[in-house]
Amino acid sequence: MDSKKITLEDDLKIAFHIRKEVFVKEQNVPLDEEFDEFDTLDELSEHILVYYNEQPVGTGRVRWVDGFGKLERICILEPYRKFGLGKVIIGTLEEIAEERGLSRVKLNGQTHAEGFYKKLGYQTSSSSFMEAGIPHVVMTKELATK
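A quick note: this is a predicted structure, and the numbers were derived from the prediction, not measured.

Student: Would you take a moment to explain the overall build of the protein chain for this structure?
Tutor: Helix and strand counts for the protein chain come out as four helices and eight strands. Along the chain direction, N to C, the helices and strands of the protein chain fall in the order β-α-α-β-β-β-α-β-α-β-β-β. In summary, the protein chain has a C-alpha radius of gyration of 14 Å against a globular reference of 15 Å for 146 residues, a match within 12%. Referenced to the eigenvectors of the C-alpha coordinate spread, the extents of the protein chain come out at roughly 35 × 35 × 30 Å. In the protein chain, buried positions account for 45% of the 146 residues. For the protein chain, the accessible area works out to roughly 8000 Å², and carbon and sulfur atoms hold 50% of it.

Laid out in structure tokens, this is it:
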């Protein structure tokens, strides 16, 4: 298991493919809601890929919003779930936020994954709301200062 920041357009296309498989095909998120202006290789966000047996199987991104690192678009291809890759994605995105000098992160987590995020130190800070037809909650975490 390994992860890396995306710096090349070809890797970004791989991340987009993973997101289409998980969010668009599996969860029926409309294509026009899945992709947005932050899906670029610039200073607006950082994207990552996570690997299993040297194959890219998961992705996520972090943006800078109101003093928070906002973790988004976190997903893993179905056959590779349960290998601990979600924890790798979250940890990598948190490290990127810390590198940017941020001490807080947040995410809009799907309610079925709320327990997973709680195990990683996140606290629910909203009631349930719908996003792309899927129930979500806002979750936050204070990062350890070094």
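So that's the structure; there's more coming.
Student: Honestly, the pattern of salt bridges in this entry has me stumped. Any pointers?
Tutor: Working definition: two side chains of opposite charge can pair if their charged atoms are close together. The tally for this structure, following the rule as stated, stands at 17 salt bridges. Salt-bridge contacts for lysine 5 lead to glutamate 99; the nearest nitrogen and oxygen are separated by 2.9 Å. Of this pair, lysine 5 sits in strand S1 (residues 2–5) while glutamate 99 sits in helix H3 (residues 85–99), and the two are 94 residues apart along the sequence. With a relative accessible area of 56%, glutamate 99 lands in the exposed category.

Student: Looking at this structure, I do not really get the packing of aromatic side chains. What am I missing?
Tutor: Two numbers describe a pair of aromatic rings. These are the distance of the centres and the angle of the planes. The full count for this structure, using the stated rule, is five aromatic pairs. Ring geometry for phenylalanine 16 and phenylalanine 35: centres 5.1 Å apart, planes at 75 degrees, overall edge-to-face. With phenylalanine 16 in helix H1 (residues 9–26) and phenylalanine 35 in the loop between helix H2 (31–34) and strand S2 (45–52), this residue pair connects regions lying 19 residues apart in the sequence. Take phenylalanine 35: its relative accessible area is 21%, and that puts it in the partly exposed class. For the pair tyrosine 52 and tyrosine 80, a centre-to-centre distance of 5.8 Å together with 55 degrees between the ring planes defines the contact as tilted. Placement of the pair is tyrosine 52 in strand S2 and tyrosine 80 in the loop between strand S4 (68–76) and H3, with a sequence separation of 28 residues.

Student: Would you explain the environment of phenylalanine 35 in this entry?
Tutor: Separated by 15 residues in the primary sequence, phenylalanine 35 and lysine 20 have C-alpha atoms spaced 9.3 Å apart. If we ignore the near neighbours within four places in the chain, the residues touching phenylalanine 35 are Phe16, Arg19, Lys20 and Arg73.

Student: Would you mind showing me how to read the nonpolar core here?
Tutor: Note that soluble globular proteins tend to have their nonpolar side chains buried in a common cluster. Formed by 36 residues in total, the largest nonpolar core has its most connected members in Leu71, Ile74, Ile89, Ile90, Leu93, Tyr117 and Tyr122. Among the elements of the structure, H1, S2, strand S3 (55–65), S4, H3, strand S5 (104–110) and strand S8 (134–142) are those that each provide at least two residues to this core. Ignoring any residue separated from it by four or fewer positions in sequence, one finds leucine 71 in contact with Arg61, Val62, Ile90, Leu93, Val105, Lys106, Leu107, Asn108 and Tyr122.

Student: For this particular structure, what's the right way to read H1?
Tutor: Between its first and last C-alpha atoms H1 spans 24 Å; for 18 residues at 1.5 Å apiece the expected length is 26 Å, and the two agree. Considering bend angle alone, the principal kink of H1 is centred on lysine 20 and spans about 30 degrees. Here H1 has its buried residues at Asp11, Leu12, Ala15, Phe16, Ile18, Arg19, Val22 and Phe23. Elements in contact with the buried residues of H1: S1, H2, S2, S3, S4 and S5. At the C-terminal side of H1, asparagine 28 shows a positive phi close to 60 degrees.

So, how was this worked out
Residues numbered from 1 in each chain as written. Predicted model: local features only at pLDDT ≥ 70, side-chain atom pairs only at ≥ 80, totals over all residues. Heavy atoms only, no water. Helix = DSSP H or I, 4+ residues; strand = E, 2+ residues; numbered from the N terminus. Rg over C-alpha atoms; globule rule 2.2 N^0.38 Å. Buried < 20%, exposed > 50% of the residue type's maximum accessible area, 1.4 Å probe, protein only. Areas by Shrake-Rupley, 256 points an atom, 1.4 Å probe, with all protein chains shown as cover. Salt bridge = Lys/Arg side-chain N within 4 Å of Asp/Glu carboxyl O. Phe/Tyr/Trp six-rings, centres within 6.5 Å; stacked < 30°, edge-to-face > 60°. Contact = heavy atoms within 4.5 Å. Core = buried A, V, L, I, M, F, W, Y, C linked by side-chain atoms within 4.5 Å. Expected span 1.5 Å × (residues − 1). Bend = angle between axes of the 7 residues up to and from the residue.

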